[in-house]
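Geometric and topological summary
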Amino acid sequence: MDLSSAAGASTSYAKAVDTYRKAVATAATVTAYAMLARGVARELVPHDLRAAVSWTATLVRRRLGPRPAERRTVIIRRIDEDGRHDSCFADAHAYLATKIDPRTLSRFRLSGVGGGGRGRRNALSMVPGDSMTDVFEGVEFRWTSVISEGGGKISESSLELSFDAEHTDMALGRYVPFITEEVEQARRRDCELKIYMNEGSSWRGIVHHHPATFDTLAMDPELKQSVVADLDRFLKRKEYYRRIGKAWKRGYLLYGPPGTGKSSLVAAMANYLRFNLYDLDLSEVHSNSALQRLLIGMPNRSILVVEDIDCCFSARSREDGKERKTPTAALYGGGDDGDEYYDEDEGDWRDDFSEKLEQQSLTLSGLLNFIDGLWSTSGEERVIVFTTNYKDRLDAALLRPGRMDMHVYMGYCGWDAFKTLAHNYFLIGDHLLFPEIQELISEVEVTPAEVSEMLLRSEDVDAALGGLVEFLVGKKQAVCEGK
Ligand SMILES: Nc1ncnc2c1ncn2[C@@H]1O[C@H](COP(=O)(O)OP(=O)(O)OP(=O)(O)O)[C@@H](O)[C@H]1O
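Being a predicted model, the structure only gives us computed values, none of them experimental.

Observations regarding the nonpolar core
Counting residues in each nonpolar core, the largest one holds 53 residues, and the members touching the most others are I303 and V385. Both domains that meet at this core, namely domain 3 (195-313 + 362-409) and domain 4 (415-480), each give it at least three residues. Leave out the neighbours within four places in its chain, and V385 touches Y252, L254, V266, I303 and V305. A92, L159, L161 and V176 belong to the second largest nonpolar core, which has eight residues in total.

In structure tokens:
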């Protein structure tokens, strides 16, 4: 041990003890004086004078110190004046259920909401008399659950929302609408989607449980991303569409060979947007007026789908012309003995009767005009999807710029698309056979539907991928042999 440093340490220790002793003595003296002064003041200064001094001090403190902020309170009643359930209350109640932190409240209510079946779930809410704080854009909003005796025996429950007066505009202009939107979105997420099909001039709906999502969809990643971004932009642009005076709707043309996922993409869009699907079978629609009735019967936030649009009009007209020729010919003044001629464009024999029938019946221009005209102004947030296997067969009117906002090519299975499918079916990101499959997929045209079918054949990943390799090799050989 170093003695000189030990001696130094003991000297500084003695100094510190001395300083401490002095400080304690000084503090004791000051406290004693303060108590003495207080006692003397109490004895000598009259009570009224002391009260006046204390009142003046409080006043000065209030004037000079930070003032407590002025508050505003909004009362939201469960039942309105007409005895109806108030939707603001329902929204606020549902919103607060998502905000309650059971760790911060000593008691809370637990109740079942959403009726029976799949929609039923449990929700937390405040017990009357309790409060909680929610923070929105950095501002605190205080919620209190209140129950009060109404005029009669029935007690009234309400929620009180209080905040600093300076945030009144924000509370009413942004916070309350934000709550409504949040709750609306949650309801949409929870509710079951439906797919409607046309029967005569009305729609019949069934629950739609298609599992396709953008995550499970096998397609070029960049294209997928651009479709999702387009849908997001569309959803956010209500004000924009209003400002530029355009109907709030968006059209997509999906084209590509059979089995490349056009229907799956439609289902993924419906699941993503939480919009119901309206699958329009044009072979069931016999006139423009019936079509108009159907389209007008579609609510907002829905997707209109017309599959194989290339087949709908020309083929239908020809079939109708043949089928109805004899029984209805008289009605139109035509008949079996009408002048027939060969139409090069249609590639079929036609007569005056078929021309007249087309004028009366459903036409592509009728559909397009109605979609762009009256229909588009009678609703909002609607998506129209046309699908086709043969884009080159489509009427020029449909391909005109501005008609369908986005043309999406659903092509043969590429490497990224294959990896999505492999992950969907086997939750794998790699495998010994992947390099071979990658090479084969770049050489042959195989649809995602074909790949899916091969992967479904076995639950054993090695067997399924082995089967796919065989299938791809077989396809390659067939191509080489010119089959
Ligand atoms: N891109 C894809 N991603 C995921 N699965 C797909 C894809 N394409 C096809 N499939 C699978 O193949 C089945 C048939 O595909 P889908 O009906 O979506 O193709 P399509 O292009 O609409 O065909 P069609 O033109 O014959 O109507 C789907 O149910 C799905 O299992």
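Brief notes about the site of the ligand
Lining the immediate surroundings of the ligand are 15 residues, of which P258, G261, S263, P448 and A449 lie closest. Across the shell around the ligand, the residue classes break down as seven nonpolar, seven polar and one charged. Viewed by domain, the shell around the ligand spans two of them, domain 3 (195-313 + 362-409) and domain 4 (415-480), each represented by three or more residues.

Things to note about the sheet that holds strand β14 (residues 382-388)
Reading across from one edge, β8-β7-β10-β11-β14-β9-β15 is the order of the seven strands in this open sheet, with mixed pairing throughout. Strands at the two margins of the open sheet, each flanked by one partner only, are β8 (202-207) and β15 (406-409). Here the average twist between neighbouring strands, direction ignored, is 25°.

Quick word on helix α18 (residues 461-480)
Between its first and last C-alpha, α18 extends 29 Å over 20 residues, near the 28 Å set by a 1.5 Å rise per residue. L465, L468 and L472 are the residues of α18 that are buried. Down the axis of α18, the buried side of the element spans an arc of 55°, and every buried residue falls inside it. α18 presents D462, A463, E470, G474, Q477 and A478 as exposed residues on the side facing more than 90 degrees away from its buried surface. The elements touched by buried residues of α18 are α16 (434-443) and α17 (448-456). Residue G482 follows α18 closely and has a positive phi angle near 70°.

Here's the deal with helix α3 (residues 87-99)
The terminal C-alpha atoms of α3, which comprises 13 residues, lie 19 Å apart, in line with the 18 Å expected from a rise of 1.5 Å per residue. Of all the residues in α3, the buried ones are A92, H93 and A97. The buried side chains of α3 occupy one side of the element, clustering within an arc of 140° when seen end-on. Opposite the buried face of α3, at more than 90 degrees from it, the exposed residues are S87 and T98.

With respect to unusual backbone geometry
For residues that are not glycine, phi is negative in most cases, and the peptide bond is trans in most cases. Even without being glycine, R274 reaches a positive phi, approximately 60°. Taking the C-beta count within 10 Å as the criterion, R274 has 14 such neighbours and is therefore assigned partly exposed. We note that L427 has phi near 55°; this positive angle belongs to a residue other than glycine. Tracing the backbone shows L427 in the loop between α15 (415-426) and α16. Among the residues examined, L427 registers 8 C-beta atoms within 10 Å and is labelled exposed.

Some thoughts on the confidence of the model for the chain
Per-residue pLDDT for the chain averages 81, and the proportion of residues at 70 or more is 76%. Predicted confidence for residues 1-9 stays below pLDDT 50, and this span has one contact to residues more than four positions away or in other chains. Confidence drops under pLDDT 50 across residues 315-339; counting only partners more than four residues distant or on other chains, this segment forms 32 contacts. As a predicted assembly, this complex carries a pTM of 0.68 together with an ipTM value of 0.98.

Brief notes about the environment of P221
Within the element layout of this structure, P221 appears in helix α5 (residues 221-236). Using a count of 12 C-beta atoms within 10 Å as the deciding quantity, one classes P221 as exposed. Between the C-alpha atoms of P221 and T420, which are 199 residues apart in sequence, the distance is 9.7 Å.

Describing the packing of α17 against α18
At their nearest, the axes of α17 and α18 sit 8 Å apart, and the two run at 140° to each other. Taken as axis vectors, α17 and α18 run oblique relative to one another. Relative to α18, α17 is oriented so that their crossing is right-handed. On α18, the residues that touch V451, M454 and L455 of α17 are A464, G467, L468 and F471. Partitioning the contact of α17 with α18 into residue classes produces six nonpolar, one polar and no charged.

Quick look at the environment of L124
Examined against the element boundaries, L124 turns out to sit in strand β3 (residues 121-125). Its 16 C-beta neighbours within 10 Å are what place L124 among the partly exposed residues. In sequence terms L124 and H93 are 31 residues apart; their C-alpha atoms lie 9.3 Å from each other. Those residues within four positions of L124 in sequence are excluded, and the remaining contacts are A97, I100, P102, F108, R109 and L110.

Section: the environment of F418
Its location among the elements puts F418 in helix α15. F418 gets classed as buried once you count the C-beta atoms within 10 Å, which come to 21. For F418, the residues in contact, after removing those within four places along its chain, are C413, I437, I441 and V451.

As for the pairing of β14
In terms of burial, β14 is a largely internal element, seven of the seven residues being buried. Of the two faces of β14, the one carrying R382, I384, F386 and T388 and the one carrying V383, V385 and T387 are both buried. Across seven bridges, the pairing between strand β9 (residues 249-255) and β14 is parallel. Residue pairing across strands places Y252 opposite V385, the latter belonging to β14.

Points about the packing of α15 against α17
The interhelical angle for the contact between α15 and α17, taken along N-to-C directions, is 30°, at an axis separation of 10 Å. With respect to each other, α15 and α17 are oriented roughly parallel. Viewed along their axes, α15 and α17 form a crossing whose handedness is right-handed. On the side of α15, the interface is formed by A417, F418, L421 and Y425, while α17 contributes P448, V451, S452, L455 and L456. Across the contact of α15 with α17, the residue classes break down as eight nonpolar, one polar and no charged.

Rules behind the numbers
- Residues numbered from 1 in each chain as written.
- Predicted model: local features only at pLDDT ≥ 70, side-chain atom pairs only at ≥ 80, totals over all residues.
- Core = buried A, V, L, I, M, F, W, Y, C linked by C-beta atoms within 7 Å.
- Buried ≥ 20, exposed ≤ 12 C-beta atoms within 10 Å, placed from the backbone.
- Domains from an automatic or database assignment.
- Contact = placed C-beta atoms within 7 Å.
- Near = placed C-beta within 6 Å.
- Nonpolar A, V, L, I, M, F, W, Y, C, P; charged D, E, K, R; others polar.
- Pairing = 2+ DSSP bridges.
- Helix = DSSP H or I, 4+ residues; strand = E, 2+ residues; numbered from the N terminus.
- Axes fitted to C-alpha atoms, helices over the stretch in contact; angles between N-to-C directions.
- Expected span 1.5 Å × (residues − 1).
- Arc of directions from axis to C-beta.
- pLDDT = per-residue confidence, 0-100.
- Parallel < 35°, antiparallel > 145°, perpendicular 65-115°, else oblique.
- Left-handed = near helix turned anticlockwise from the far one by under 90°.

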